[in-house]
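Residues per chain, in single letters:
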Amino acid sequence: MQLRSEAPIGVFDSGIGGLSVLRHVHTLLPDESLLYFADSGFAPYGEKPEQVIVERTVAITAFLLTQNIKALVVACNTATAAAIAGLRTRYPDLPVVGVEPGLKPAAALTRTGTIGVLATANTLSSEKFLKLEAQVAHDAGVRFLLQACNGLAHQIEKGELRSRETVQLVERYVAPLLAQQADTLVLGCTHYPFVEQLIREIAGPNVAIVDTGEPVARQLQRVLTQRGLLRDAPTVDAPAPVLAYSTGSSSTLSLAFTKLLQLDASVQAVSGTLASS
Ligand code: DGL
């Protein structure tokens, strides 16, 4: 596999959630061109069989490789838990950076020793996550309350960041954690930073919220540096391009870029089979 430093970085999620990671990548590495892939036609992943998620992840990675990416960010906790090990085996030369719930940073922040983890049902039941949870709980002497937030990524995918239904869902998921003395909440799904403000209002000022978007961007920077794959600053002062693909509605993704990131991206629709691409 021939990787070139001027090639784009692929960033992938089940839908628009990965934009919460892409914004940190774009801020930290503004000279890098980015290819975002939203599998919105197949979202949400959170309650789908693991095999489906593995197949989608493999197909999307193969598609992004046809677009000559030099590195891949799996900007989805659910896909990372289900498929990242297999991806690394299949493409040993491709730098692959995943996302997982920030349990360690949360363990460093908590004062009550009780931490709530908001994520999809699939992430919370995955072997990868359960191993990490047991390890951190043991090492730091903290307890994690696992809260599957069924339906929340779907609300965000629909652009409903503050609708009645979304507020009710967040209240329903956050209240039991607070009642059990959680003073730190981990956003274990990349969609949730887009309702962080709402979560903050419901949880109150004494609760810390942990998101991993920025550490993931820093990890990507480290990996690219080690591999000699960082792009040189361009000689002309033009912003690096951000291109995006969606297996769902391209106008919805385009709107998400503008509304959530204040960023213009050129968005193309692709078929879910990824066959003609
Ligand atoms: N954004 C994804 C995650 O980080 C998945 C949400 C979903 O598709 O259910 O887990």
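It should be emphasised that the depicted structure is a prediction, and the values quoted were computed from it without experimental measurement.

The next thing to look at is the site of the ligand. Contacts to the ligand come from 13 residues, most closely from S14, Y45, G46, T78 and H191. Backbone polar atom of G46 to an oxygen atom of the ligand: 2.8 Å apart, as the coordinates give it. Protein contacts shield 99% of the accessible area of the ligand, which totals 300 Å² for the unbound molecule. Split by residue class, the shell around the ligand holds 5 nonpolar, 7 polar and 1 charged.

On to the pairing of strand β10 (residues 266-269), then. As defined by bridge partners, strand β9 (residues 242-246) adjoins β10 across 4 bridges and the pair is classed as parallel. Considered in β10, the bridge of S246 is made with A269. Following the backbone out of β9, through helix α11 (residues 250-261) and into the adjacent parallel β10, one traces a crossover that is right-handed.

Taking 1.5 Å of rise per residue, 12 residues should cover 16 Å, and α11 covers 16 Å from first to last C-alpha, within 8% of that figure. Every buried residue of α11 is accounted for by L253, A256, F257, L260 and L261. The buried residues of α11 occupy one face: seen down the axis, they fall within an arc of 105 degrees. Among the exposed residues of α11, those oriented more than 90 degrees off its buried face are S251, L255 and K259.

So, on to helix α9 (residues 196-203). By the burial criterion, the buried members of α9 are E196, L198, I199 and A203. Seen along its axis, α9 keeps its buried residues to an arc of 160 degrees; they face one direction. Contacts from the buried residues of α9 go to β5 (114-119), α8 (164-179), β7 (184-187) and β8 (208-210). Remark: G204 follows α9 within two positions and exhibits a positive phi of approximately 90 degrees.

About the cut-offs
Residues numbered from 1 in each chain as written. Predicted model: local features only at pLDDT ≥ 70, side-chain atom pairs only at ≥ 80, totals over all residues. Heavy atoms only, no water. Near = heavy atom within 4 Å. Polar contact = N/O pair within 3.5 Å; in protein donor to acceptor, adjacent residues only side chain to side chain. Areas by Shrake-Rupley, 256 points an atom, 1.4 Å probe, with all protein chains shown as cover. Nonpolar A, V, L, I, M, F, W, Y, C, P; charged D, E, K, R; others polar. Pairing = 2+ DSSP bridges. Helix = DSSP H or I, 4+ residues; strand = E, 2+ residues; numbered from the N terminus. Right-handed = clockwise from strand over helix to strand, strands pointing away. Expected span 1.5 Å × (residues − 1). Buried < 20%, exposed > 50% of the residue type's maximum accessible area, 1.4 Å probe, protein only. Arc of directions from axis to C-beta. Contact = heavy atoms within 4.5 Å.

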